[in-house]
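Take a look at the letters that make up each chain.
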Amino acid sequence: MAVRATGNAGHWSWYFQRVTGIALVLTLAAHFAVNHFMRPPEAGGADWAGSLYHAAVLRLSNPLYKGFELTFLMLATYHACNGLWAIGRDVVTRPLARTALFMLIVLAGFALAVVGWTAILPIDQDWLARGAAATQ
Amino acid sequence: MFLRYKWETGMLAWAMHRLTGVAVTFYLFLHVYTMTKLHDGEAAYNTAVSAFSQPMWKAAEALLFGAVLYHAVNGVRIVLVDFFGAARQQRRLFWGMMGASAAAFVLGSWLIISHAVH
Amino acid sequence: MEVSFEILRFDPSRDSSPRYQTYRVEAEPNSRILDVLNTIKWEQDGTLTYRRSCAHGVCGSDAVVINGKNGLACQQLLKNYGGRTRFRIEPLPAFRVIKDLVVDMEPFFRHYERIKPYFVNEKPPPETERLQDPVDREAIDDATKCILCGACTGSCPSFWSNQQYLGPAALLKAFRFVFDTRDTATDERLKVVNDQDGLWRCHTIFNCNACCPKEIDITDAISRLKVLAVQTRL
Ligand code: SF4
Ligand code: SF4
Ligand code: FES
């Protein structure tokens, strides 16, 4: 035994897949519960007749919940890309092809994150009026 | 080799973990894309999202729920094996957890299909 | 009882592709797969080629695929297969076939050598043995029983798709020395196994555990190595 340092290839990928996995079980449950079983708190009583758009904007204009959703998005993006990368290394063995695949996956992950952030970040209560205006 | 080798619990669990993982990744991309519709105004977003309430999409949603549930439950099993020395119990662990999640799946899909969940 | 043995045969110097050949043999439920192979070779078809030496589960030379699962021909009895009388015997998956059931184990042993499969301790040895606490020894007891048959590595889906992967047998041996309190080459071994084509290609599929003739908990050993490799980096 008596350990000092080890090699440095692949252990973070393995470890964080487990860490984010467990985190996702918890955050996904919350995400699911909030979006499918709960009304936005601002929506009021049982006779609320807001559209799905209303509900989504109300929820996401809460900075806390927005932060939660963005965290959730980052966790999911990392976990998904890291999972694809794990499959990739099982199948692709040539070093150059591996690097190319890695970059492709990272690129896809970044694209997903950027699209997600730009979609959610700017949302606030004003969007309720704006959304309706855009419709007219 | 995959066709000819005997499929036992471990290989089945792994193959399904991969399958559901890739499927949910596709959904993640689709889901984020749907959220960009918020920028196109109320009507556009509502149309985009309500498309999912058609019966075919409801079934797909139930499948998605099943995929996520499986991936989560089997993921916990993997963590138990990796960090808590559950390798010897992996079979019982798998089928026990599958039994429990089957019940959760039936309940969940019923809620989805009966439109109690949107 | 009469059993039929469907054997995957291939002679690269003559055949363009492998083919199944069926033999009918009179045998007892207590006969071993190896006994039946011997009967075929000695009484029916001398060209059938397979590897065996000790015939008692010690040398590790006769791992083959029996009805879709790896096992030692000299260990598995006919009656272990739920009363089946039709058997299908194939060479170990993922290795190059030399002839019939004999495969080229060179990649297997190359990986094995990479993890330094021998005891290392620079300190001069004491007068007698290097003593070890029985409790410490128990941790690696299982792992010392490996006979290097290759059934595990040949059963691993990760190895099927990527033969650069060290494979369960090599990783188990790394575990056997890394968790040996008397050994001092831990760092070097962890450097070899903490690699994209080392530990991290194991996805806890358990095919190795399911077929190991010595019933070693290989997956658990690999998981312990994984956790150790991460801990040393935290
Ligand atoms: S661990 Fe088991 S299956 Fe693998 S080589 Fe050793 S004895 Fe054979
Ligand atoms: S547990 Fe790991 S080493 Fe064993 S068969 Fe599965 S992937 Fe291969
Ligand atoms: S012949 Fe030696 S292990 Fe089977």
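Just so it is clear, the model here is predicted, and its values are computed rather than measured.

What counts, and where the lines are drawn
Residues numbered from 1 in each chain as written. Chains lettered and ligands numbered in written order. Predicted model: local features only at pLDDT ≥ 70, side-chain atom pairs only at ≥ 80, totals over all residues. Heavy atoms only, no water. Helix = DSSP H or I, 4+ residues; strand = E, 2+ residues; numbered from the N terminus. Buried < 20%, exposed > 50% of the residue type's maximum accessible area, 1.4 Å probe, protein only. Contact = heavy atoms within 4.5 Å. Areas by Shrake-Rupley, 256 points an atom, 1.4 Å probe, with all protein chains shown as cover. pLDDT = per-residue confidence, 0-100. Near = heavy atom within 4 Å. 1 Å grid on protein atoms, 1.4 Å probe; cavity = no way out; pocket = protein on both sides within 12 Å on 5 of 7 lines; lining within 4 Å. Sits in = over half its atoms within 2 Å of the grid points. Nonpolar A, V, L, I, M, F, W, Y, C, P; charged D, E, K, R; others polar. Salt bridge = Lys/Arg side-chain N within 4 Å of Asp/Glu carboxyl O. Pairing = 2+ DSSP bridges. Axes fitted to C-alpha atoms, helices over the stretch in contact; angles between N-to-C directions. Buried area = accessible area lost by both parts, 1.4 Å probe. Polar contact = N/O pair within 3.5 Å; in protein donor to acceptor, adjacent residues only side chain to side chain. Points joined across faces, edges and corners; volume = space filled by probe spheres on them.

Enquirer: For this particular structure, what's the right way to read the overall build of chain A?
Expert: Counting secondary structure elements, chain A contains five helices and zero strands. The N-to-C order of helical and strand elements in chain A reads α-α-α-α-α. Burial status across chain A gives 42% buried among its 136 residues. For chain A, contacts bridging at least 24 residues in sequence account for 72% of all contacts bridging at least 6. In the structure as shown, chain A presents an accessible area of about 7200 Å², 73% of it carried by carbon and sulfur atoms.

Enquirer: I'm lost on helix 6 (residues 168-178) of chain C in this one. Help?
Expert: For an α-helix the count is 3.6 residues per turn, leaving residues at separations of three or four pointing the same way. Residue and element names in this part refer to chain C. With 11 of 11 residues buried, helix 6 is to be regarded as a mostly interior element. Of all the residues in helix 6, the buried ones are Pro168, Ala169, Ala170, Leu171, Leu172, Lys173, Ala174, Phe175, Arg176, Phe177 and Val178. Turning to helix 6, the residues buried within the fold contact helix 2 (106-114), helix 3 (134-141), helix 4 (151-155), helix 7 (186-193), helix 8 (207-211) and helix 9 (218-231).

Enquirer: What's the story with the confidence of the model for chain A in this structure? I'm lost.
Expert: The share of residues in chain A with pLDDT of 70 or more is 83%, and the mean pLDDT across the chain is 86. Within the model, the stretch residues 3-7 of chain A combines pLDDT values under 50 with 19 contacts to residues more than four positions away or in other chains.

Enquirer: Explanation requested: the site of ligand 2 in the structure shown.
Expert: Residues and elements named next belong to chain C. Close contacts around ligand 2 come from Cys156, Tyr165, Pro168, Cys202, His203, Thr204, Ile205, Phe206, Asn207, Cys208, Thr219 and Ile222, and that covers them all. More than half of the atoms of ligand 2 fall within 2 Å of the grid points belonging to the second largest cavity. Contributing elements (two or more residues each) for the shell around ligand 2: helix 8 and helix 9. Broken down by class, the residue content of the shell around ligand 2 amounts to eight nonpolar, four polar and no charged.

Enquirer: What is the right way to read the site of ligand 1 from this model?
Expert: Residue and element names in this part refer to chain C. The environment of ligand 1 is made up of Cys146, Ile147, Leu148, Cys149, Gly150, Ala151, Cys152, Ala169, Leu172, Cys212, Pro213 and Ile218. Put simply, ligand 1 lies in the largest cavity. Counting residues per element, the ones that place at least two in the shell around ligand 1 are helix 4 and helix 6. Among the residues making up the shell around ligand 1, the classes are represented as 11 nonpolar, one polar and no charged.

Enquirer: How should I be thinking about the pattern of salt bridges in this particular structure?
Expert: Between side chains of opposite charge, pairing is possible as soon as their charged atoms come close. According to the stated counting rule, one finds 26 salt bridges over all chains in the structure shown. With a shortest N-O distance of 3.5 Å, arginine 88 of chain B and aspartate 142 of chain C are connected by a salt bridge. One end of the pair, arginine 88 of chain B, is in the loop between helix 3 (55-84) and helix 4 (90-113); the other, aspartate 142 of chain C, is in the loop between helix 3 and helix 4, on a second chain. We note a salt bridge from lysine 145 of chain C to aspartate 142 of chain C, for which the minimum N-O separation is 3.7 Å. If you follow the salt bridges from partner to partner, you end up with Arg88 of chain B together with Asp142, Lys145 and Asp217 of chain C in one network.

Enquirer: Please explain the pairing of strand 3 (residues 63-66) of chain C as it appears in this structure.
Expert: A regular strand carries its side chains on alternate faces of the sheet. Residues and elements named next belong to chain C. The two faces of strand 3 match: Ala63 and Val65 on one face and Val64 and Ile66 on the other face are all buried. Note that strand 3 and strand 4 (residues 69-72) share four bridges and pair antiparallel. Across the sheet, residue alanine 63 finds its bridge partner in strand 4, namely leucine 72. Taking the residues that link successive antiparallel strands as the turn, the strand 3-strand 4 hairpin has two residues, and the phi of asparagine 67 there is positive, at about 45°. Direction of pairing for strand 3 relative to strand 5 (residues 86-90): antiparallel, over a ladder of two bridges. Paired with isoleucine 66 across the strands is isoleucine 89, a residue of strand 5.

Enquirer: What exactly am I supposed to notice about the sheet that holds strand 2 (residues 19-26) of chain C here?
Expert: The strands making up a sheet are joined through hydrogen bonds of the backbone, oriented either antiparallel or parallel. Residues and elements named next belong to chain C. Ordered by their spatial adjacency, five strands build an open sheet running 2-1-5-3-4, and the pairing between neighbours is mixed. For this open sheet the edge positions go to strand 2 and strand 4, each flanked by a neighbour on one side alone. On average, adjacent strands in this sheet sit at an angle of 35° to one another, irrespective of strand direction. For strand 1 (residues 2-9) and strand 2, the ladder comprises eight bridges, and the chain directions are antiparallel. Its bridge partner lying in strand 2, arginine 9 is registered against arginine 19.

Enquirer: So what exactly am I meant to see when it comes to the interface of chain C and chain A here?
Expert: You'll often see interface size given as the accessible area lost when the parts meet. Taken together, the contact between chain C and chain A spans 28 residues of the former and 20 residues of the latter. Both faces combined, the contact of chain C with chain A buries some 2300 Å², and carbon together with sulfur accounts for 52% of it. Its largest share of buried area at the contact with chain A, chain C owes to Asp187, Gln196 and Arg233 of chain C, together 26% of the area lost on that side. On inspection of chain C and its partner chain A, the count reaches two salt bridges. In this structure, aspartate 90 of chain A and arginine 201 of chain C form a salt bridge, with 2.5 Å as the shortest nitrogen-oxygen distance. Seen at the junction of chain C and chain A, the total is nine residue pairs in polar contact (both at pLDDT 80 or more).

Enquirer: Can you help me understand empty space enclosed by the protein in this one?
Expert: The rolling of a water-molecule-sized probe over the atoms marks out the regions of remaining empty space. Residue and element names in this part refer to chain C. Under the criterion given, the structure shown has three cavities of 30 Å³ or more. Looking at the largest cavity, its volume works out to about 80 Å³. Around the largest cavity sit 13 residues that line it, and Cys146, Cys149, Cys152, Cys212 and Pro213 are the ones nearest its centre. In terms of residue class, the lining of the largest cavity is built from 11 nonpolar, one polar and one charged. If you go around the second largest cavity, the residues you meet are Cys156, Tyr165, Pro168, Cys202, His203, Thr204, Ile205, Phe206, Asn207, Cys208 and Ile222. Split by residue class, the lining of the second largest cavity holds eight nonpolar, three polar and no charged.

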